[in-house]
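Take a look at the letters that make up each chain.
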Amino acid sequence: MKNSKSRAVLVIAMALLMVAALPILAFAEDGEEYVPKLYGTAISLLPPIIAIALALITKEVYSSLFLGIVSGAVLWSIGGQGFFGILEHVMNDGIVGNLADSYNMGIIVFLVLLGWLVAMMNKTGASGAFGVWAEDRIKTKKGASFATIALGCLIFVDDYFNCLTVGSVMRPVTDKHKISRAKLAYLIDATAAPVCIIAPISSWAAAVVGFVEGDDGFLRFIKCIPFNYYAILTIIMMIMLVVMKFDYGPMKTHEINAAHGDLYTTEDRPYADAEDDKVAGKGQVKDMIVPVAVLILLCVIFLLYSGGFFDGESVIDSFSNADAAVGLSIGSMLALLFALIWYIGRRVLTFKEAMECFPEGFKAMVPAIMILTFAWTLKTMTDSLGAKDFVAGVVENSAAGMQAFLPAIIFAIAVGLSFATGTSWGTFGILIPIVIPLFEGNDTMISLSMAACMAGAVCGDHCSPISDTTIMASAGAQSNHINHVNTQLPYALTVAAVSFVAYLISGFLPDGAKIAGLVIAIALMIGTMFVLKNLFGKGSEEEYA
């Protein structure tokens, strides 16, 4: 019933937009540069608002972004373009134009090649081999937890790859040491998106860079890392939970039950009788470690190459001038070729099997490519309406005094939007093009607020039961999905609350001292953990023996 209502809302909205477009039949005079009548007005922000509102109502990001695009084209047409002008603006200037852009296409190529590489790694069974190797070397529950966190941090190139690999690798290890499946799912989920969003060489970094125009996207991403409080604090919280040997909320019940032999707690345990699949191929530990290491090394080398390192530029200047599309696409292509030769030469994968992995990897990246394409196009629509000029004027004339509050507000909005839609990338695509013009000319505030957007998107994604990463973390851990959502939510909300306070404080710090916001955030997180330990930690230590 809910799905039917959502579809009805979408159909009605599309019909209204088309009807509104039909009466607009005037065209600009030949030879004159077309300027929309609504250029630089508050209406220029309506397309992303429509996309956000529909995403919140329908919890579906693709159609919401598309209707935001169409509404932008309709508003752009008022005063000089007709129905066919709208279609041309959406397709030629928007979707086709963005796909034809060499930089955007480089990012898409990187995603496709990465998907292919991940599919080949899964096919060899190398991750299962690593699990067997680790099972004989990790002796304690604390060691198993730290090994899971470490592996999650190591596999930072893509969150999908992270969830599926860490789950299959560590599940036999954590089962042996009586770590609940819900806790394993949390450790997987909390080292997927949070690690990817602060790793410069990852599919997430490529996506964020793709949403930044008129600026060095890669350098901007690097500058955002120290301000990405939610990601950093999530990692700190995981480590402290293990070191301090306690849990709280529903997770504590799951961990106590696991210590007594029940890894699932609830009656619904769909994976309890699953066949042991820790070795699914001929792959060995090195078949996972070596290709990932080569991928990282080659991407770093070619990022430096694209920035002029081999022409005499320094390392810092090379990273600053790096072209992420060039560096990541070339690096991933060569890493893929290496992996092909490596796997076929070692006879853990045949050439035919390797080629069969290509469509599997491509299909895994189709949702990401769709979101990127629509988000780029939505940005094109808002740019054609002069949204940047309008926002800059508002900030300059009347909103300057509110700027200090905006990082915290942006974080909260991103949390809500990402939670409702279940996607971080769609949230990036909607909010980043709005955030950057708000602080034009203030480099530090751009980095702080863009990081707040990214952090909020990851937080909402963590809390959302319809998030693909959350669902895959459950699958990787072979945990009941609702158990994972319920046990993770108190932890995610704890970090979210601390992050919100930290963004509020950071907004008021002088530009030269905003980096101190990270120190404040870490101190608040550590203090919060000691309070929680005092309130809920009694009786937990023995469960970590």
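Computed from a predicted model, the values in this text were never measured in an experiment.

(A) Structural view of the side chain of His484. By secondary structure assignment, the location of His484 is in helix 24 (residues 481-508). On the accessibility criterion, His484 (0% relative accessible area) is buried. Look past the residues within four positions of His484 in its chain and what remains in contact with it is Ala182, Ala185, Tyr186, Asp189, Thr470, Ala473, Ser474 and Ser479.

(B) Structural view of helix 25 (residues 516-536). Across its 21 residues, helix 25 extends 30 Å between first and last C-alpha, which sits within 8% of the 30 Å expected from 1.5 Å per residue. Buried-residue contacts for helix 25 involve helix 13 (229-244) and helix 24.

(C) Up close: the packing of helix 21 (residues 424-438) against helix 22 (residues 443-463). Between helix 21 and helix 22, whose axes approach to 9 Å, the crossing angle comes to 160°. Taken together, the axes of helix 21 and helix 22 are roughly antiparallel relative to one another. In the crossing of helix 21 with helix 22, the sense of the turn from one axis to the other is right-handed. Only Ile446, Ser449, Met450, Cys453, Met454, Ala457, Val458 and Asp461 of helix 22 make contact with helix 21, whose side of the interface consists of Ser424, Thr427, Phe428, Leu431, Ile432, Val435 and Ile436. A per-class count over the contact of helix 21 with helix 22 returns 11 nonpolar, 3 polar and 1 charged.

(D) How the structure looks around the environment of Ser332. Structurally, Ser332 is set in helix 17 (residues 324-346). Under the relative-accessibility criterion, Ser332 is labelled buried at 2%. Each C-alpha atom of the pair Ser332 and Trp116 lies 10.0 Å from the other, and the pair is 216 residues apart in sequence. Among the polar contacts made by the side chain of Ser332, one reaches the main-chain carbonyl oxygen of Leu328 at a distance of 2.7 Å. There is a polar contact of 3.0 Å between the side chain of Ser332 and the backbone oxygen of Ser329.

(E) Structural detail: the pattern of salt bridges. Applying the stated criterion across every chain, the model contains 7 salt bridges. For the salt bridge of Asp443 with Lys223, the shortest nitrogen-to-oxygen distance reads 3.1 Å. Taken together, the residues span a long stretch of sequence, with Asp443 in helix 22 and Lys223 in helix 12 (residues 217-224) at a distance of 220 residues. Residue Asp443 is classed as partly exposed on the basis of its relative accessible area, which comes to 34%. Taking the shortest distance from any N to any O, the salt bridge between Lys379 and Asp383 comes out at 3.0 Å. With Lys379 and Asp383 both in helix 18 (residues 351-384) and 4 residues apart, the pair spans about one turn of that helix. One network of salt bridges, in which partners are shared, links Arg220, Lys223 and Asp443.

Procedures and definitions
- Residues numbered from 1 in each chain as written.
- Predicted model: local features only at pLDDT ≥ 70, side-chain atom pairs only at ≥ 80, totals over all residues.
- Heavy atoms only, no water.
- Helix = DSSP H or I, 4+ residues; strand = E, 2+ residues; numbered from the N terminus.
- Buried < 20%, exposed > 50% of the residue type's maximum accessible area, 1.4 Å probe, protein only.
- Contact = heavy atoms within 4.5 Å.
- Expected span 1.5 Å × (residues − 1).
- Axes fitted to C-alpha atoms, helices over the stretch in contact; angles between N-to-C directions.
- Parallel < 35°, antiparallel > 145°, perpendicular 65-115°, else oblique.
- Left-handed = near helix turned anticlockwise from the far one by under 90°.
- Nonpolar A, V, L, I, M, F, W, Y, C, P; charged D, E, K, R; others polar.
- Polar contact = N/O pair within 3.5 Å; in protein donor to acceptor, adjacent residues only side chain to side chain.
- Salt bridge = Lys/Arg side-chain N within 4 Å of Asp/Glu carboxyl O.

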